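Below are the chains, spelled out letter by letter.
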Amino acid sequence: MLSCDICGETVSSEPDMKAHLLIVHMENEVICPFCKLSGVNYDEMCFHIETAHFEQNELERNFERINTVQYGISDNRKDSSLQCRADINSSVHSACASNQPKISAQSLPKDGTLKHKDFYSENLTESRKFLKSTEKQSDRTKIKESIYETMYSPPECPFCGKIEDNSQDMETHVKTKHADLLDTPLEDCNQLLYDCPMCGLVCTNYHILQEHVDLHLEESSFGQGVNRVQCSRDLELAQQLQQEEDRKRRSEESRQEMEEFQKLQRQYGLDNSGGYKQQQLRNMEIEVNRGRMHPSEFHRRKADMMESLAIGVDDGKTKTSGIMEALYRYYQNAATDVRRVWLSAGVDHFHSSFGDKGWGCGYRNFQMLLSSLLQNDGYDDSLKGMSVPCIPKIQSMIEDAWKEGFDPQGASQLNDKLQGTKAWIGACEIYTLLTSLRIKCRIVDFQKSTGPLGTHPRLFEWILSYYASEREGSPKVVCTSKPPIYLQHQGHSRTVVGIEEKKNRTLCLLVFDPGCPSREMQKLLKQDMEVSSLKQLRKFVGNLKHKQYQIVAVEGVLSSEEKIARRQASQVFTAEKIP
């Protein structure tokens, strides 16, 4: 509880005490801020100021306007001291209005102000402290004068900050020292205001505004610079991560490519693991270690191999002869389901050995084809004095053909080297070798299936037309003078030695496979050949379903001029394509 020091009345809170002082003890004491006139009411005081102190009141208004212009104070950005004064004036005005109901807005000045802002103190706390510290006096006039003196502070020049003792001296100072500013119209003062486009701050000077905006820009550029640095670091990190990922991906791809390449090298015999000789010796040693070959047999075979390699002629240990004659007898006496059969000229079967198992099928098929040509007198001029060569010799012969200028693209694919390797050969190498020997031949490429379920009926028809020039009126078994046909597909090659035409008009090829060992082929040499023995030779349309087939067919002998022309044509190797 608080007790009034003037009248002793008790109130419950400090805001109530403030209202009590203003209403009870100051209601009739309205004092003129210019001449200290008192004892009149609010309306009378307004009239007094308007008539007796019109110039001073106008000066007060100019002070307020110039303060606003000079210090950049806008309506919505007044400082705390002005706000505090407005609050006090509002409280005084409310208190007076509560006891003077006759006061209206029309009776107030146009700017709504009654007292000079420097007349009262900015804080009523000092008044309350003074009232509490002052002893109770019966003379209310002395107390009011003490409150007035406490609330009053010397006026300060709004232009230069000089403090005068009273308002008259301040008015004289302003009129004499700052007359040029007082003469400046309000419109001109308003034109000197500059609003910041970024934060709305009002500046009275263009240079101040420029410096202020520059601070904004520096802050913005600094923030942007920080963001740019951060973005640059993030971008650099992202690039490093991407480069690392790309490097790992390329490394993995290179590793996979290398593995695939090495796999292909091993598959096609280009892994520098040795050739025919090294593989023969290694496999024979394995057989000895497993107890399937006697050491004496090992040394005997090794000596035979070395002799064969020295002279370049096949040792004949994998050859089976007389099969074509046995087939002729069989078809003459049996094979009741066969309407007609065409057989090639005599040919020997050669199968793979320890030295070329897994990669030598192309070489063995060439041996079969060459064995047939060597039995035909029409090729004596081209093959004069030749025997069936061993595999290393065939490799040397192909390399010689490359050196002559045949098939440079194929040579580069095999690094111009076959000797000492286990490199596979195909239809192109067979064609190159035969052409270099002046053997006329052709390559036909059955590049895609021509029948249902991936079959190649056009291949069978072509082979039939090759062997059977006149089909009607010919005997059941026709032994032609045509050499066998080299047949190549992905991963393997075989030799076609004939073709059957069944009574239901279906076709069946007769094929020598270098993967078939001699003990199986020799079953065909028996007088009472069984039908089951022919299963390894017969290939129906449904048995050949590889995506692509190539054949090399011999057609005669080349002249020297034709050989040169074909060598020139092999610079860009092309094959006849069906379909």
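Definitions and limits used
Residues numbered from 1 in each chain as written. Predicted model: local features only at pLDDT ≥ 70, side-chain atom pairs only at ≥ 80, totals over all residues. Heavy atoms only, no water. pLDDT = per-residue confidence, 0-100. Contact = heavy atoms within 4.5 Å. Core = buried A, V, L, I, M, F, W, Y, C linked by side-chain atoms within 4.5 Å. Buried < 20%, exposed > 50% of the residue type's maximum accessible area, 1.4 Å probe, protein only. Helix = DSSP H or I, 4+ residues; strand = E, 2+ residues; numbered from the N terminus. Patch = residues over 30% accessible without salt bridge, like charges linked within 9 Å, V, L, I, M, F, W, Y side chains within 5 Å. Areas by Shrake-Rupley, 256 points an atom, 1.4 Å probe, with all protein chains shown as cover. Salt bridge = Lys/Arg side-chain N within 4 Å of Asp/Glu carboxyl O. Lys, Arg positive; Asp, Glu negative; His and termini not counted. Charge placed at Lys NZ, Arg CZ, Asp CG, Glu CD. Axes fitted to C-alpha atoms, helices over the stretch in contact; angles between N-to-C directions. Parallel < 35°, antiparallel > 145°, perpendicular 65-115°, else oblique. Expected span 1.5 Å × (residues − 1). Arc of directions from axis to C-beta. Phe/Tyr/Trp six-rings, centres within 6.5 Å; stacked < 30°, edge-to-face > 60°.

**Student:** Which residues make up the confidence of the model for the chain, and what are the values?
**Tutor:** Summary statistics for the chain give a mean pLDDT of 80 and a share of 76% for residues scoring 70 or more. Confidence over residues 69-140 falls short of pLDDT 50; this stretch has 102 contacts with residues more than four positions distant or in other chains. Below a pLDDT of 50 lies the segment residues 186-190, which in the model reaches four contacts outside its immediate sequence neighbourhood of four places, other chains included.

**Student:** Go over the nonpolar core with me, naming the residues and quoting the values.
**Tutor:** Counting residues in each nonpolar core, the largest one holds 38 residues, and the members touching the most others are Phe-366, Leu-418, Leu-434, Ile-439, Val-552 and Val-554. Of all the secondary-structure elements, those providing two or more residues to this core are helix 11 (276-289), helix 12 (295-311), helix 14 (361-374), helix 15 (391-404), helix 17 (427-436), strand 8 (439-446) and strand 14 (549-557). Ignoring any residue separated from it by four or fewer positions in sequence, one finds Leu-418 in contact with Tyr-363, Gln-395, Ile-398, Glu-399, Trp-402, Ala-423 and Ile-425.

**Student:** Run through unusual backbone geometry, naming residues and quoting values.
**Tutor:** The omega angle of the peptide bond from Ile-578 to Pro-579 is -5°, so this bond is cis rather than trans. Residue placement: Pro-579 occurs in the segment after strand 15 (576-578). One non-glycine residue, Asn-415, lies in the positive phi region at around 60°. Looking at the secondary structure, you find Asn-415 in the loop between helix 16 (408-413) and helix 17. Look at Asn-415 and you get exposed, because its relative accessible area is 58%. Phi angles above zero are rare outside glycine, and Leu-453 is one such case at about 60°. Position of Leu-453 relative to the elements: it lies in the loop between strand 8 and helix 18 (457-467).

**Student:** Report on a negative patch on the surface, specifying residues and quantitative values.
**Tutor:** A grouping of Glu-211, Asp-214, Glu-218 and Glu-219 is seen on the molecular surface, where their side chains present a negatively charged patch. Looking at the secondary structure, you find Glu-211 in helix 10 (residues 206-267).

**Student:** Report on the packing of helix 15 against helix 17, specifying residues and quantitative values.
**Tutor:** The interhelical angle for the contact between helix 15 and helix 17, taken along N-to-C directions, is 75°, at an axis separation of 9 Å. By the angle between their directions, the pair helix 15 and helix 17 is classed as roughly perpendicular. Here Ile-394, Met-397, Ile-398, Ala-401, Trp-402 and Glu-404 of helix 15 come into contact with helix 17, specifically with Glu-429, Thr-432, Leu-433 and Ser-436.

**Student:** Please set out the environment of Val-554 residue by residue, giving values where relevant.
**Tutor:** In this structure, Val-554 sits in strand 14. Put simply, Val-554 and Lys-482 are 72 residues apart on the chain and 7.9 Å apart in space, counted from C-alpha to C-alpha. Those residues in contact with Val-554 that sit more than four places away from it in its chain are Leu-369, Leu-373, Tyr-379, Leu-434, Ile-439, Lys-440, Cys-441, Tyr-466 and Pro-483.

**Student:** Any chance you could break down helix 12 for me, citing the residues and the numbers?
**Tutor:** Its 17 residues give helix 12 an end-to-end C-alpha distance of 25 Å, which sits within 8% of 24 Å, the value for a rise of 1.5 Å per residue. All of the buried residues along helix 12 are Phe-298, Met-305 and Ser-308. Mapping the buried residues of helix 12 onto a view down its axis gives an arc of 95°, with all of them on the same face. For helix 12, the exposed residues lying more than 90 degrees away from the buried face are His-299, Glu-307, Ala-310 and Ile-311. Next to the buried residues of helix 12 lie helix 11. Just past helix 12, the residue Gly-312 takes up positive phi, approximately 75°.

**Student:** Let's hear about the packing of aromatic side chains: which residues, and what values?
**Tutor:** Centre distance and the angle of the planes are the two values used to describe a pair of aromatic rings. Applying the stated rule across the entire model yields five aromatic pairs. On the basis of an interplanar angle of 75° and a centroid distance of 5.4 Å, the ring pair of Tyr-330 and Tyr-331 is categorised as edge-to-face. The pair Tyr-330 / Tyr-331 is uniform in exposure class, with both members buried. Their ring planes at 10° and their centres at 5.9 Å tell us that Trp-462 and Tyr-466 sit as a pair that is stacked. Taken as a pair, Trp-462 and Tyr-466 lie in helix 18 at a separation of four residues, close to a single helical turn.

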